[in-house]
Amino acid sequence: MKAFSLKSNNLNGTVRCPGDKSISQRSVIIGSLLNEDIKLDGFLFAEDPLSTLNALLRLGKDIQIINEEIILIKNSKKNNPTGKAICDLGNSGTGLRLLSGLIAGEGINAELSGDESLLKRPMNRIIKPLNEMGANIVSNNGCAPLHFSESELVEEFSYEMPIASAQLKSCLLLAAISSKMNLSLYEDSISRDHTERMLKYFGANIQTEKIDNGQKIILKSDGKLEPKDYSIVGDFSSASFLIIAALITKKSQILIRNVGMNETRSSLINILKRMGANIQIRNKKICCGEEVADIEVFSSDLVGIEIDKKDIPKIIDEIPILSIAASFADGKTLITGASELRFKESDRLNAIEKGLDKIGIGYDSFKDGLLIDGNRNHDLIEDIYIESFGDHRIAMSFLIAGLRLSAKINVDDCKNIDTSFPNFFDIFLSIGAKIEKI
Ligand code: S3P
């Protein structure tokens, strides 16, 4: 197995943020529900969005890749799938859970499966409410493969979500919109809201009302969706790797253009600013219902802080890289309320602990978080190997930790980076990092 490491004395330059993975996946799914052809630009050509796109083709949708910038969804001539559609979602939890909503709503025969990691992830969170809505789903003990057979969903449904999960919320919204159901949902903490925003952009009758830290969502599937072209903004979660790389690498200054700044995704900026980060936000605009901006980052001396549990759903994918910032910050950083990390592409709390052990950073671990004992002067003099646990965000996080240390951090199995950030190494090369492969 090949291992990679990153090194740099300073990072400098301007880069364009790659397209948002969550929004890319939603754009092809929701785009295929319209009645006319539409164009998408900024789609992320990475493994996860592509496995969602391929699954939609198997479900009979007509989606054409025009070039690396434009995707055309041909809605004017609709094809119904013949027989059972067999779809492989690879590593993508978002693809599998969101498409489950669409398939249940359309009442079609399908099988959804994925790679070894995806087959271990919990699916009862979607199966239970979808079956209560009237779907026919059979699972392998609460895990994929999921088998869907023909069904018709109820006309009205109301659900209080037991966990704040954007994948669960989006699955149910897609089941409702594609079966013309009226849906009322409640989540006690607001998870990323790209689905709500995109449905609103395409003219759906969807209202949201903030209640304390959470929200109520009312979707009335009475009208028609309005076909329009859609531009996908840059992925804040991918930008977070660049942001923290520049913060912890001495004498660095980088500008990341076109980063999605939706407030349910970008709380990491406020957290890093509380840690002492010098980050400037420029050119804020709205693009297809999503905020977007350029982010300038300067190397900074960070301090440890306590992270509020209520912020966790908004930084859920950034916790691995935030743990690296905390490792090189003076003082302790407390992260709690993050037990959902145990059910991601790997058990991310365990993967972070194993990596910190190897680097020699002190920590206490809990069922739902970590207390990291950071040190700005921490160094490592002998090269080490770190396991990615097959998880793209763990691989990228520990590659970036290597930028701060004298010795090399060799990260095994970096192939999975292609699921979300295929030009990760090219972007780091362009801002002055050296990449070694052994
Ligand atoms: C995602 C939602 C998040 C996130 C995942 C992508 C989405 O999961 O971790 O990488 O696109 O809806 P939750 O379902 O835990 O919010």
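Summary of the structure given here. What you are looking at is a predicted structure, and each value in this text was computed from that prediction instead of being measured.

## Describing the overall build of the chain
Point 1. A count of helices and strands for the chain gives 12 helices and 24 strands.
Point 2. The C-alpha atoms of the chain give a radius of gyration of 21 Å, which matches the 22 Å a tight globule of 438 residues would have.
Point 3. Taken along the three principal axes of its C-alpha coordinates, the chain extends 60 × 45 × 40 Å.
Point 4. The long-range fraction of contacts in the chain, counting pairs at least 24 apart against all pairs at least 6 apart in sequence, stands at 76%.
Point 5. Counting only carbon and sulfur atoms, one obtains 45% of the accessible surface of the chain, whose full area is about 16,900 Å².
Point 6. Taken together, the 53 basic and 60 acidic charged side chains of the chain have centroids lying 2 Å from each other.

## Here we look at the pattern of salt bridges
Point 1. Applying the stated rule across the entire model yields 27 salt bridges.
Point 2. Its salt-bridge partner being glutamate 291, residue arginine 197 comes within 3.0 Å of it at the nearest N-O pair. Separated by 94 residues along the polypeptide, arginine 197 in helix α6 (residues 194–201) and glutamate 291 in strand β17 (residues 290–298) bring together distant segments of the chain.
Point 3. Of the residues examined, arginine 197 reaches a relative accessible area of 16% and is grouped as buried.
Point 4. Across the salt bridge formed by arginine 348 and aspartate 317, the nearest N and O atoms sit 3.7 Å from each other. With arginine 348 in helix α10 (residues 348–359) and aspartate 317 in the loop between β18 (306–307) and α9 (319–327), this pair connects stretches of sequence that are 31 residues apart.
Point 5. Judged by its relative accessible area of 11%, aspartate 317 falls in the buried class.

## Quick look at the environment of serine 365
Point 1. Tracing the backbone shows serine 365 in strand β20 (residues 362–366).
Point 2. C-alpha separation for the pair serine 365 and glutamate 353, spaced 12 residues apart in sequence, amounts to 7.7 Å.
Point 3. When sequence neighbours within four positions are dropped, the list of residues in contact with serine 365 reads Glu353 and Leu370.

## Some thoughts on helix α11 (residues 392–401)
Note that an α-helix has 3.6 residues per turn; residues three or four places apart therefore point the same way.
Point 1. Burial of α11 is extensive: 10 of the 10 residues sit out of reach of the surface.
Point 2. Buried within α11 we find His392, Arg393, Ile394, Ala395, Met396, Ser397, Phe398, Leu399, Ile400 and Ala401.
Point 3. In this structure aspartate 391 caps α11, since a side-chain oxygen of it lies 3.0 Å from the backbone nitrogen of arginine 393.

## Details of the packing of helix α3 (residues 93–106) against helix α4 (residues 124–133)
The packing of two helices is summarised by the inter-axis angle and the distance between the axes.
Point 1. For the pair α3 and α4, the least separation of the axes is 10 Å and the interaxial angle reads 15°. One way to sum up the angle between α3 and α4 is to call them roughly parallel. When you trace α3 past α4, the crossing you get is right-handed. Taken together, the residues of α4 that come into contact with α3 (itself represented by Arg97, Ser100, Gly101 and Ala104) are Arg125, Ile126 and Leu130.
Point 2. Grouping the constituent residues of the contact of α3 with α4 by class yields three nonpolar, two polar and two charged.

## So, the nonpolar core
Point 1. One finds Ile243, Leu272, Phe424 and Phe428 to be the most contacted residues of the largest nonpolar core, which totals 78 residues.
Point 2. Residue contributions to this core peak at 10 residues, all from helix α7 (residues 236–248).
Point 3. The residues contacting leucine 272, other than those within four sequence positions of it, are Ile243, Ile244, Leu247, Ala277, Ile279, Leu322 and Ala325.
Point 4. Judged by nonpolar contacts, the second largest core, of 69 residues, contains Leu102, Phe157, Leu173 and Leu225.

## Some details on the side chain of serine 178
Point 1. Tracing the sequence through the fold places serine 178 in helix α5 (residues 166–179).
Point 2. Separated by 3.4 Å, the side chain of serine 178 and the backbone oxygen of alanine 175 make a polar contact.
Point 3. Once residues lying within four places of it in the same chain are set aside, the contact partners of serine 178 are Leu33, Gly101, Leu102, Gly105 and Glu106.

## Considerations on the side chain of aspartate 294
Point 1. By secondary structure assignment, the location of aspartate 294 is in strand β17.
Point 2. Overall, the relative accessible area of 9% leaves aspartate 294 in the buried class.
Point 3. A distance of 2.7 Å separates a polar atom in the side chain of aspartate 294 from a polar atom in the side chain of asparagine 283.
Point 4. Not counting the four nearest positions on each side in its chain, aspartate 294 is found in contact with Leu255, Ile256, Arg257, Asn258, Gln280, Ile281, Arg282 and Asn283.

## Observations concerning the site of the ligand
Point 1. In the vicinity of the ligand, the contacting residues are Ser22, Arg26, Thr94, Ser165, Ala166, Gln167, Arg192, Ile316, Asp317 and Lys344.
Point 2. Taking threonine 94, its side chain carries an N or O atom lying 3.2 Å from an oxygen atom of the ligand.
Point 3. With respect to the ligand, the side chain of lysine 344 contributes an N or O atom lying 2.7 Å from an oxygen atom.
Point 4. For the shell around the ligand, the elements supplying multiple residues, two or more each, are α1 (21–31) and α5.
Point 5. Split by residue class, the shell around the ligand holds two nonpolar, four polar and four charged.

Scoring rules and cut-offs
- Residues numbered from 1 in each chain as written.
- Predicted model: local features only at pLDDT ≥ 70, side-chain atom pairs only at ≥ 80, totals over all residues.
- Heavy atoms only, no water.
- Helix = DSSP H or I, 4+ residues; strand = E, 2+ residues; numbered from the N terminus.
- Rg over C-alpha atoms; globule rule 2.2 N^0.38 Å.
- Contact = heavy atoms within 4.5 Å.
- Areas by Shrake-Rupley, 256 points an atom, 1.4 Å probe, with all protein chains shown as cover.
- Lys, Arg positive; Asp, Glu negative; His and termini not counted.
- Charge placed at Lys NZ, Arg CZ, Asp CG, Glu CD.
- Salt bridge = Lys/Arg side-chain N within 4 Å of Asp/Glu carboxyl O.
- Buried < 20%, exposed > 50% of the residue type's maximum accessible area, 1.4 Å probe, protein only.
- Polar contact = N/O pair within 3.5 Å; in protein donor to acceptor, adjacent residues only side chain to side chain.
- Axes fitted to C-alpha atoms, helices over the stretch in contact; angles between N-to-C directions.
- Parallel < 35°, antiparallel > 145°, perpendicular 65-115°, else oblique.
- Left-handed = near helix turned anticlockwise from the far one by under 90°.
- Nonpolar A, V, L, I, M, F, W, Y, C, P; charged D, E, K, R; others polar.
- Core = buried A, V, L, I, M, F, W, Y, C linked by side-chain atoms within 4.5 Å.
- Near = heavy atom within 4 Å.

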